[in-house]
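Breakdown of the fold
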Amino acid sequence: MVVQQGMAYMGKARQSGNERSSGLHPRTRFGDRYDLPALVQSSPGLAPFVFRNPYGDLSVDFADPGAVRALNRALLVHHYGIRGWEIPPEFLCPPIPGRADYIHVLADLLAESGTPAPGAAIRVLDVGVGASCIYPILGQREYGWHFVGSDTNPRALASVGRILAANPDLGAVVELRRQHDEATVFRGVIREGESFELTLCNPPFHASPREAREGSQRKWRNLGKRSGGQAPVLNFGGQASELWCPGGEAGFIRRMMAESAERPTCCLWFTTLVSKSASLPGLKVELRRLGALEIRVLEMAQGQKRSRALAWTFLEPEARRAWIRSLR
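This is a predicted model, so every value here is computed, not measured. (Residues numbered from 1 in each chain as written. Predicted model: local features only at pLDDT ≥ 70, side-chain atom pairs only at ≥ 80, totals over all residues. Heavy atoms only, no water.)

Check the secondary structure of the chain and you find 11 helices and nine strands. Considering only intrachain contacts with a sequence separation of at least 6, the fraction spanning at least 24 residues in the chain is 69%. Element-wise, carbon and sulfur atoms account for 51% of the exposed surface of the chain, whose accessible area totals about 13,500 Å². (Helix = DSSP H or I, 4+ residues; strand = E, 2+ residues; numbered from the N terminus. Contact = heavy atoms within 4.5 Å. Areas by Shrake-Rupley, 256 points an atom, 1.4 Å probe, with all protein chains shown as cover.)

It is worth spelling out the nonpolar core at this point. In terms of nonpolar packing, the biggest core is built from 62 residues, with Leu71, Tyr102 and Trp145 touching the most fellow members. With nine residues, helix α3 (residues 96–112) is the single largest residue contributor to this core. By size, the runner-up hydrophobic cluster in this structure holds 24 residues, among which are Val127, Phe196, Met257 and Leu283. (Core = buried A, V, L, I, M, F, W, Y, C linked by side-chain atoms within 4.5 Å. Buried < 20%, exposed > 50% of the residue type's maximum accessible area, 1.4 Å probe, protein only.)

Our next topic: the pairing of strand β8 (residues 294–302). Pairing geometry for β8 and strand β9 (residues 305–313), over nine bridges, is antiparallel. Note on β9: the bridge partner recorded for glutamate 299 is arginine 308. (Pairing = 2+ DSSP bridges.)

A few words on helix α4 (residues 134–143). Of all 10 residues in α4, 10 are buried; the element is thus mostly enclosed. Buried within α4 we find Ile134, Tyr135, Pro136, Ile137, Leu138, Gly139, Gln140, Arg141, Glu142 and Tyr143.

How two aromatic rings sit relative to each other is given by the distance of their centres and the angle of their planes. According to the stated counting rule, one finds six aromatic pairs in the structure shown. Between phenylalanine 186 and phenylalanine 270, the ring centres sit 5.6 Å apart and the planes meet at 55°, which makes this aromatic pair tilted. Placement of phenylalanine 186 in the loop between β5 (174–178) and β6 (196–201) and of phenylalanine 270 in strand β7 (residues 267–273) is noted, with a sequence separation of 84 residues between them. A relative accessible area of 4% places phenylalanine 186 in the buried class. On the numbers, 5.9 Å between centres and 15° between planes, the contact of phenylalanine 270 with tryptophan 312 is stacked. Of this pair, phenylalanine 270 sits in strand β7 while tryptophan 312 sits in strand β9, and the two are 42 residues apart along the sequence. Taken as a pair, phenylalanine 270 and tryptophan 312 share a single burial class, namely buried. Taken together, Phe186, Phe270, Trp312 and Phe314 form an aromatic cluster joined through their ring pairs. (Phe/Tyr/Trp six-rings, centres within 6.5 Å; stacked < 30°, edge-to-face > 60°.)

Pasting the structure below:
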């Protein structure tokens, strides 16, 4: 249940790694340019995908799914010490700098309420953990958070299980749960009496397979590629439930919001990425109708790309402060 964001790496894979990327979170580990020689040293499997572009800089081909996966693997080894990160080729390969920014802005959201962002006391539900386990990896490595990852796809969960087995310290703090009903989000996943400090989600963007194909074709054109009349290869991968669902992104988020209102005290802050800023006014109106007491839009940027997360809570300020105190 994640949306494809294939342009998030564009312009970054060049040799120097000393400059800070415009717009990225101040605590990001990723500069304006990747240090490709250092990444190759950490993960030699990246080497065959590195070439010198017409400007004389080292780069990789972002239209090549193999190159994107090799770069991701190298980033996870180099920056986070993750081993054995392999995902089936048909699954989404997430752009890591943007995913890390989502984790950082959620840490800032907690810190506003006085929560010390690092620490095992923080429990996070990742709705649609996918095959890559990217949010639990980043949240645990950056802040020491504990995670529950849910997904409807058993093959995605099996992939995450292999990643966790290769990294036992990560496996000790990440629990996987199968969502058996594709029409629901929290029901059947959050247990009676269970609570989380955060939920996070990167919902499916498209409303149909056709929309997903057209989106892929646009990305290929933006990358300067032609598909030759064939279906374009998804450079960041992705399949049915990752890329589309009935009602698209807005429909999925509305279902999530409705279910959050059914259990308003089980989470301190519910959150989700929202790809289309034009969806925000309607989503805010619906949240107020459902009884949300505070709504936040958390802005992020990766170079020219702009993204945002929507966060809401049903708790009064004093109840939120009491929750925070109970964690200490």
